[in-house]
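A look at the structure
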Amino acid sequence: MKPKSLLVEYMLKYKLGYIFGITFLVITNLGQMYIPKITGELTDGLTYGTLDLAGVQRITLIFIAIACTIFIGRICWRIGLIKTSRKIERDLREILFSKYLRLDVTYFNAHKTGELMAYAINDIGAVKQMTGMGIVLLYDAFILSGMVIYNMFQEVNIELTLITLIPMSLIAITGIFVRKVIRTRFIVKQKAFAQLTDIVQESFSGIKVIKAFVREKYHIEEFEKQTQRNFDANISVFKVMAIMQPAMGLLVGASMLIAIGYGGYLTIIETITVGDFVTFNGYIWLLVWPMAAIGQAINVYTQGSAAIKRLEEVMEVPEIVQDHEEDIVDESELIEDGSISIKDFTFNFPDNDKVGLKNINLEVEDGTTLAILGRTGSGKSTLVNILLRFYNVDQDKIHLGGTDIMKLRLRTVRHSIAYVPQDNYLFSASVKDNIGFGLNKFTTEQIEEAAKRANVHNNIINFQDQYDTMVGEKGTMLSGGQKQRISIARALVLKAPILILDDSLSAVDTHTEETILANLKAIRANKTNIIIAHRISTVRQADKIIVLDKGQIAEEGTHESLLAKQGLYYEMYEQQKLEGRKANKKPKFKVNIDGDGEYGLGSGVERGPYREK
Ligand SMILES: Nc1ncnc2c1ncn2[C@@H]1O[C@H](COP(=O)(O)OP(=O)(O)O)[C@@H](O)[C@H]1O
Ligand SMILES: [Mg+2]
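Only a predicted model underlies this, so the values are computations on that prediction, with no experimental measurement involved.

Each protein donor to the magnesium ion (ligand 2) is listed here as S381 (OG) and Q422 (OE1); together their distances run 2.0 to 2.2 Å. Of this pair, S381 sits in helix 11 (residues 380–387) while Q422 sits in the loop between strand 6 (417–420) and helix 13 (431–435), and the two are 41 residues apart along the sequence. You can call Q422 partly exposed: its relative accessible area is 39%.

As structure tokens, then:
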């Protein structure tokens, strides 16, 4: 839905707030407008001696009543209008955020966090201004000034009113030109703010790299440059207002001059009474604010509409990866079994058409373990991203549990796959909440059980607050291996038909790896597992091993058959054996992929998780 229509929708949703606010705005203004009239009456009464003491008392009481009305009126319109605009701000932010979360992962490759945050903060702030104070300004600029001018015509003198209004009419004309200038400058201001947010966000995310490379000075300089740009952009908007506001004051002053000069003349020649003169000048004073409001209203509306336009652009970004209702054939929460079938599948990245995967044919039977090996950049994570359906694929290419992945709901696909990402991500929450992240229905026992299986329970119980320990942003308070194992626990607690570990044992030592693999064997014996790894020791027990190379399956088989082939797998094996021997010379770091050392993978016996079924 477009934000423009959304804006209308929300303004209608909160129409009661607007009706309430505007009603009190009118009441306040009627009260204000009564003051010049009654001042005129008082003046005439005193000048021409038509007013007695009782009359003065009556007028005083009226003044008090008006003052009270204005006081209460002002409070009420503020509550009505400003509170409503805050509600719209809140709602728009919620809509925008949920739109962000629905957008494809590809969108986030091209749009930086700072930019997205700027939309959510600055642009929605401008919309809030427009729907709150903007309404008051519009009302003042047009309705209030209209009411005052009408009264001037009605109550005093047509000729005097017309002449007085000449300078003021210039304000409206200049406003039209100024609008364009403000718009252009505001767009520059929006961009500058987005870039500033970006620098801040990236600097904090990369704080360790910045410090390690001693780049603080450079980043501070970059930040200073950007704050200067932001400052300049703000000033350029401000300059327009700085000139426009006093200029309007000048024009209002000219009107006042005419009111005094020509009005005084009309009073002397007795075309109008002294009271009329006083009333008229009172009205002119009442016009000062609405005239100034025209300038501000132009500013607020120009910025607000530019912001709306940007929000509109975000809201209109198509969500390409989503459920195709007409194709859905299976509404179940999980797929039936964990089998995976890929046929003649080629994949190009949608953002740049670069080839990601080529001619993939792969069958993974339910309850078996597939291992994927390959150099970095060979397409292993890409394959996982496809299985998680972060991208759309052609129909009849990929089947999960016997059903075309394109005919399953995204929810079903993703619920069915417990996934440990390569760049494991923890949220700034407690250990417990990070493990129970997938669903909030897990019991403490289930969470602890998963942590034990991931071999991280013993670490956690040594943390200060154990499972309630806060892990810091992105888990900064934990070691790489602890983060990895907590990510594994988060996947294990789900008990999904398919488990994918994307290079998830890289930061743990071989002994821990062995324990985790043994645990996996116990709890995931009849479920499908995909293990991406670099170490042969991690994958040798798998039912099937594929070696990816440049997006293609270069080799496929079991540990033994691949060794016999003497291809890529064999090369890796030999190389790692060599590295293992070198490492073994230093007694502290025993790495032995052959499985005959202290920390090896099982002395030739099937101690790994995957061979026996
Ligand atoms: N969005 C993208 N657009 C273009 N190329 C990409 C994109 N994402 C990843 N790649 C490239 O695809 C290749 C495979 O990446 P990946 O699957 O992450 O490799 P790995 O086997 O190390 O997990 C790499 O060369 C990477 O640079
Ligand atoms: Mg990868």
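This part is about the packing of helix 5 (residues 113–131) against helix 7 (residues 158–205). Look at helix 5 against helix 7: their axes get within 8 Å of each other, and the N-to-C directions meet at 135°. When the axes of helix 5 and helix 7 are compared, the pair comes out oblique. Considering the relative orientation of helix 5 and helix 7, their crossing is right-handed. Contacts between helix 5 and helix 7 involve T113, G114, E115, M117, A118, N122, D123 and A126 from the first element and F186, Q190, F193, A194, T197, D198 and Q201 from the second. A breakdown of the residues in the contact of helix 5 with helix 7 according to their chemical character gives 6 nonpolar, 6 polar and 3 charged.

With that settled, the discussion passes to the state of the cysteines. Evaluated as defined, the whole model comprises 0 disulfides. No disulfide involves C68; its nearest neighbouring cysteine sulfur is the one of C76, lying 13 Å away.

Here the focus is the environment of Y391. For Y391, the position within the fold is in the loop between helix 11 and strand 4 (398–400). Judged by relative accessible area, Y391 falls into the buried class, the value being 9%. Sequence-distant contacts of Y391, that is, excluding residues within four places in its chain, are made with T106, V321, F347, F349, P350, N385 and I386.

As summarised here, the arrangement of the 6 strands in space is 6-7-8-3-9-10, forming an open sheet in which the pairing is mixed. Looking at which strands have only one partner, the edges of the open sheet turn out to be strand 6 and strand 10 (552–557). Across the sheet, the mean angle separating the axes of adjacent strands is 15° when strand polarity is ignored. Where strand 3 (residues 369–374) meets strand 9 (residues 544–549), 5 bridges bridge the pair, whose relative direction is parallel.

Taken together, the side chains of F20, F71, I72, I75 and I79 define a hydrophobic patch exposed on the protein surface, amounting to about 480 Å² of accessible area. Examining the composition of the nonpolar patch, we find that 4 residues originate from one element, helix 3 (residues 53–102), more than from any other. Mapped onto the fold, F20 is located in helix 2 (residues 15–47). Here F20 falls in the partly exposed class, since its relative accessible area comes to 36%.

Quick look at the side chain of Q190 now. Within the secondary structure layout, Q190 lies in helix 7. Classification of Q190 as buried rests on a relative accessible area of 2%. Those residues in contact with Q190 that sit more than four places away from it in its chain are D123, A306, A307 and R310.

So, on to the packing of aromatic side chains. On inspection of all chains with the given rule, the structure shows 9 aromatic pairs. Both rings, one in F347 and one in Y391, keep their centres 4.9 Å apart while their planes meet at 50°; by these two values the pair is tilted. Taken together, the residues F347 in strand 1 (residues 340–348) and Y391 in the loop between helix 11 and strand 4 connect sequence positions 44 residues apart. Its relative accessible area of 5% is what places F347 among the buried residues. Here the aromatic cluster, defined as three or more aromatic residues joined through ring pairs, consists of F345, F347, F349 and Y391.

Here the focus is the domain arrangement of the chain. Parsing the chain into structural domains produces domain 1 (3–315) and domain 2 (340–556). Spacing between the C-alpha centres of domain 1 and domain 2 amounts to 54 Å. Counting from both sides, the interface comprises 5 residues of domain 1 and, opposite them, 6 residues of domain 2. Here domain 1 packs against domain 2, burying approximately 430 Å² in sum over the two surfaces, 50% of which is carbon and sulfur. The largest per-residue losses of area from domain 1 upon contact with domain 2 belong to V105, T106 and S205, which jointly make up 71% of the total buried on that side. Inspection of the region where domain 1 meets domain 2 yields 0 salt bridges. The tally of links from domain 1 across to domain 2 stands at 1 residue pair in polar contact (both at pLDDT 80 or more). The biggest single contributor to the side of domain 1 that touches domain 2 is helix 4 (residues 105–110), with 3 residues. Residue composition of the side of domain 1 that touches domain 2, grouped by class: 1 nonpolar, 3 polar and 1 charged.

Throughout the structure, instances matching the rule amount to 19 salt bridges. E325 serves as the salt-bridge partner of R409, at 2.9 Å between the closest nitrogen and oxygen. Pair noted here: R409 is in the loop between strand 5 (403–404) and helix 12 (410–416) and E325 is in the loop between helix 10 (274–315) and strand 1, with a separation of 84 residues, a long-range link. On the basis of relative accessible area, R409 is assigned to the buried category, the value being 10%. Of the charged contacts in the structure, one is a salt bridge between E449 and R453, with a shortest N-O distance of 3.0 Å. Of the two residues, E449 and R453 are both situated in helix 14 (residues 444–453); the distance of 4 residues between them amounts to about one turn of the helix.

Cut-offs used in this document
- Residues numbered from 1 in each chain as written.
- Chains lettered and ligands numbered in written order.
- Predicted model: local features only at pLDDT ≥ 70, side-chain atom pairs only at ≥ 80, totals over all residues.
- Heavy atoms only, no water.
- Donors = N, O, S within 2.8 Å, 3.2 Å for Na, K, Ca; no water.
- Helix = DSSP H or I, 4+ residues; strand = E, 2+ residues; numbered from the N terminus.
- Buried < 20%, exposed > 50% of the residue type's maximum accessible area, 1.4 Å probe, protein only.
- Axes fitted to C-alpha atoms, helices over the stretch in contact; angles between N-to-C directions.
- Parallel < 35°, antiparallel > 145°, perpendicular 65-115°, else oblique.
- Left-handed = near helix turned anticlockwise from the far one by under 90°.
- Contact = heavy atoms within 4.5 Å.
- Nonpolar A, V, L, I, M, F, W, Y, C, P; charged D, E, K, R; others polar.
- Disulfide = S-S within 2.5 Å.
- Pairing = 2+ DSSP bridges.
- Patch = residues over 30% accessible without salt bridge, like charges linked within 9 Å, V, L, I, M, F, W, Y side chains within 5 Å.
- Areas by Shrake-Rupley, 256 points an atom, 1.4 Å probe, with all protein chains shown as cover.
- Salt bridge = Lys/Arg side-chain N within 4 Å of Asp/Glu carboxyl O.
- Phe/Tyr/Trp six-rings, centres within 6.5 Å; stacked < 30°, edge-to-face > 60°.
- Domains from an automatic or database assignment.
- Buried area = accessible area lost by both parts, 1.4 Å probe.
- Polar contact = N/O pair within 3.5 Å; in protein donor to acceptor, adjacent residues only side chain to side chain.

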